Amino acid sequence: MSSTTNTTKQPKDQRSETTITNLIKELTNQKILIYGAYGYTGELVCEILQKLKVDKKHFVIGGRSTDKLEKLKSKHGLNFDTVTFSLDGKEKEIDDIFKKHQFNAVLNCAGPFQYTARPMIKACIRNGSHYLDITGEFNIFEYVHANPKLSEKAAKASIALIPGVGFDVVPSDCLAKHVADAYQQKYGETAHQLDLAFIGKGKPVMSHGTKKTMFEGFTSGASPTRLNGKIVSVPYASFIKEIPFEPNNMTKKTRSMSIPWGDISTAYHTTNIPNVQVYLGGVAPGAFATWLMRNWFFKTFLSILFSVPGVVSLGKKMIEWGTQRGPNEDERHGTTQYLYGEATNKDNTKKVVRQLEVAEGYHLTSESALTATLLCALAKQQGSGSLTPSQAFGKDYILSFSKSNLHVPSKL
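The structure reproduced in this document is the subject of the present report. The residue count restarts for each chain, going from 1 along the sequence in the order it is written. Residue-level local features of this predicted model are given only where pLDDT is at least 70; pairs of side-chain atoms are given and counted only at 80 or more, and the full residue set underlies all totals for whole chains, interfaces and linings. Note that water and hydrogens are dropped before the side-chain values are worked out from all heavy atoms of the structure.

### Some words on the overall build of the protein
The following threshold applies: Put simply, DSSP H or I for four residues or longer makes a helix, DSSP E for two residues or longer makes a strand, and each gets a number counted from the N terminus. For every residue, the accessible area (1.4 Å probe, protein chains only) is compared with the maximum for its type, and the residue is labelled buried under 20%, exposed over 50%, or partly exposed between those bounds. It only takes one pair of heavy atoms within 4.5 Å for two residues to be counted as in contact. For the area figures, the Shrake-Rupley method with a 1.4 Å probe applies, and any residue is considered shielded solely by the protein chains shown.
A tally of helices and strands in the protein yields 16 helices and 16 strands. Within the protein, the fraction of its 412 residues that count as buried is 53%. Taking the intrachain contacts of the protein between residues at least 6 apart in sequence as the baseline, contacts between residues at least 24 apart amount to 75%. Put simply, the protein shows about 18,900 Å² of open surface, and 52% of that area lies on carbon and sulfur atoms.

### Some words on the packing of helix 1 (residues 15–26) against helix 15 (residues 361–377)
Threshold: Working convention: axes come from line fits to C-alpha atoms, limited for helices to the stretch in contact. Angles between N-to-C directions cover 0 to 180 degrees. With respect to orientation, any angle under 35 degrees is reported as roughly parallel, any angle over 145 as roughly antiparallel, any angle of 65 to 115 as roughly perpendicular, and every other angle as oblique. By definition, any crossing whose near helix is turned counterclockwise from its far helix by less than a right angle is left-handed, and any crossing with a clockwise turn is right-handed.
Packing of helix 1 against helix 15 brings their axes to within 10 Å, and their N-to-C directions diverge by 25°. Here helix 15 runs roughly parallel to helix 1, going by the angle between their axes. Considering the relative orientation of helix 1 and helix 15, their crossing is left-handed. Contacts from Ser16, Thr19, Ile20, Leu23 and Ile24 of helix 1 reach helix 15 at Glu367, Leu370, Thr371, Leu374 and Leu375.

### Re the packing of aromatic side chains
This is how it is decided: Pairing of aromatic side chains here covers Phe, Tyr and the six-membered ring of Trp, requires ring centres within 6.5 Å, and sorts the geometry by plane angle: under 30 degrees stacked, over 60 edge-to-face, intermediate tilted.
Scanning all chains against the criterion turns up nine aromatic pairs. Measuring from ring centre to ring centre gives 5.1 Å for Tyr397 and Phe401, while their planes differ by 90°; the resulting arrangement is edge-to-face. Each member of the pair, Tyr397 as well as Phe401, carries the same accessibility label: buried. Linked through ring pairs, Phe167, Phe198 and Trp261 together constitute an aromatic cluster.

### Overview of the pattern of salt bridges
When charged atoms on two side chains of opposite charge get close, those side chains can pair. Selection criterion: Salt bridge criterion: a side-chain nitrogen from Lys or Arg within 4 Å of a carboxyl oxygen from Asp or Glu.
Considering all chains together, one arrives at 16 salt bridges under this definition. The closest approach of N and O atoms between Asp95 and Arg126, which form a salt bridge, is 3.0 Å. Separated by 31 residues along the polypeptide, Asp95 in helix 4 (residues 91–101) and Arg126 in helix 5 (residues 113–127) bring together distant segments of the chain. Take Arg126: its relative accessible area is 34%, and that puts it in the partly exposed class. For Lys395, the salt bridge goes to Asp181, with nearest N and O atoms at 3.0 Å.

As far as function goes, none of this settles anything; it's purely spatial.
Given below as structure tokens:
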């Protein structure tokens, strides 16, 4: 019996392009600021806008460097207006820019966000502009979501504050909500533990900004996690887990290590599950390295080392000198991200699992961040004040994008 291979060309998945194009068509007099436009992800967003030939009246690109903004415009043939200002500058100077352009929404792409998020959020509240960013820093999420007074100020200004509208944390936040809802529906109770995990298959590469943020987190000598409703610091590699990432394949597992990902904040505020752990697949250390990372002396050594003047700044400079700026186009298109979500009760006798596959992280970030900002500019988000991505756009928001597929395992 002979066999044949099906060579029928599959139709291109155009969900992302269709979603963004339809939203752009709805724009009338709305205006959006992309701040940090010449950063790696900001530039990807600008490339999408140029490809779709968006009317210049709807977007303004900004940052601290006029030279870098002009180089960005020249490189991609952009005709958008530019604004140059520093977020550590005077509030009046920033407010004058906001009042001149009347921004409906601001997408902050300028990290590390521990330096840029707070002043930009305050500017957005003062001027009535929705705030969105692409951070993955848990402390920024907590500043927004565990801060009722800030949320109340934003609500009074009729704006939404939605940090983390990129790969951090759109897919994992939507996955968390899917898993939590499925557990609640099946068992009639809120889960006790939520485990989220992700891994890149193909050619995953991190940008300079992501590496710098991770490096700064590493300098603290501890790894925050969510236990009993509180964020607490634990040693690195405190939790190791074997995780089945491949859709509908629960037998093939990958050793994974706990990391201080943004979901220790957002997933808790999205689901009310008191214990949240996030794992990165394929990087778990061996026995000796695990022991070393959990050791008090190792933590003390790091604290002393990184307290030496110039060490942290040198480390960030070395990231710029020694690594590529971010994944190239082939690496972005050649990578798929797999996510895993698991909700359980306290004694692990009840369990619900969902698996999710999405596009490469930076590719997804540029599309999801732009889409979220357009939705807010058009006042299509669900509510105001402090919102996680799934609260603002629904748990199926991730399925608006190409290559996104949610899987329900047939066997656990």
